[in-house]
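Each chain, written out:
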Amino acid sequence: IEVPRITAPDTLWPTLQLTPLTALPWADMWLGALVLALISSLDSLVTAMSADNATQQFHDSDRELRGQGLGNIVSGFFGALPGSGSTFRTMANIRGGGRTPLSGVIHALCLLILLLTAGSFIRFIPASVLSGILIYIGLGIIDWSYIRKFPRAPRFGVLTMLIVWSLGLFVNVVTAVAIGVVMASLAFVKKMADLQLAGVKVGASRSVLSEEELSILERVAQDALYISLAGPMTFGAANGLTKRVGVVRRHRAVLLDFTDVPYVDESAIIALENIIERAQRNNQAVILIGLQHAVIRAFAGFGLLDLIRGCQRFRRRTGALRYAERVCKSESEDSATP
């Protein structure tokens, strides 16, 4: 029967090809290379996680990616396409009894022997057979369980998946991955910003303060503003932090509790700088509590060590609250003197 068949190459033996470095389109190839590396790495890590779940073992991600990178570099000298871990073949390997990296080596050797001994029969294989295999593999790697969860899944995640799928189908994979990474990154930043702002508590909080500290703060509630910060503070929460503490001008003392803050980035430092400077311009006492060494180094690296030194600093909340009480009382007495 005359049907389209697979076109066999002139030779099945690879030949070493020295790359013409001066003739390569360097300006155009970097984005494609980066996207291919990203896709291959993610594919391999997802495959490794699937293998871990099936074998109850744990892989070394760094080792997997180093091996894949070295393999792709070497294979590139022989004109091969870049490759990555295959979930479909890995699961077939595990179902066949494979449990160690040696099974992958045996798999590769079997393919090599088959290629060298029966490679000449490639030209007899109808193209429709290869199409059927590809369709079967494609259906097998679709995450049907996630698609079934579309009605209950987060809308942004579903939207991201549909956009990436559409761009990959109608535009190209490089653009689809780039847009998908940007959308996922923005969603991650938004989530982290919400979590960071959730850790900003303005006023008394029984989950943070002891009974003695609550008692002191209640006595100076009208004159002292207590702001509790928690978790790493990054650029995602910087703007929201400034808005959250916008009531700072109505108090005589401002307490910033850094006890549970292990890290601040440049944007968060700028936001905190604005808060401190605004309070100082209003002649308010600024009290810093529990500054960790990493946070102090971040302020110092930004040239704001003098700003910290211009504030009262305490390691414990109790001492800071007692000092704020004294400040508020002394200012109240001064304002009451005729």
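Residues numbered from 1 in each chain as written. Predicted model: local features only at pLDDT ≥ 70, side-chain atom pairs only at ≥ 80, totals over all residues. Heavy atoms only, no water.

Some thoughts on the sheet that holds strand S5 (residues 312–314)
- Here 5 strands make up an open sheet; going across it, the order is S1-S2-S3-S4-S5 and the pairing mixed. Each edge of the open sheet carries a strand with a single partner, namely strand S1 (201–202) and S5. (Pairing = 2+ DSSP bridges. Helix = DSSP H or I, 4+ residues; strand = E, 2+ residues; numbered from the N terminus.)

Things to note about the packing of aromatic side chains
- Under the definition given, this model contains 3 aromatic pairs.
- Where Phe 121 meets Phe 124, the ring centres are 6.3 Å apart and the plane angle is 45°; that geometry is what we call tilted.
- Given the relative accessible area of 47%, Phe 124 is considered partly exposed.
- Ring plane angle 90° and centroid distance 5.6 Å describe the contact between Tyr 146 and Phe 150, whose orientation is recorded as edge-to-face.
- For Tyr 146, a relative accessible area of 26% corresponds to the partly exposed category. (Phe/Tyr/Trp six-rings, centres within 6.5 Å; stacked < 30°, edge-to-face > 60°. Buried < 20%, exposed > 50% of the residue type's maximum accessible area, 1.4 Å probe, protein only.)

A short note on unusual backbone geometry
- Its identity as a non-glycine residue notwithstanding, Gln 56 has a phi of 60°, on the positive side.
- Assignment of secondary structure puts Gln 56 in the loop between helix H1 (26–55) and helix H2 (61–76).
- Exposure remark for Gln 56: the relative accessible area of 66% places this residue in the exposed category.
- In the Ramachandran plot, Asn 283 falls in the positive-phi region, its phi being about 60° despite a non-glycine side chain.
- As for its placement among the helices and strands, Asn 283 is situated in the loop between helix H11 (266–281) and strand S4 (285–289).
- Given a relative accessible area of 65%, Asn 283 falls into the exposed group.

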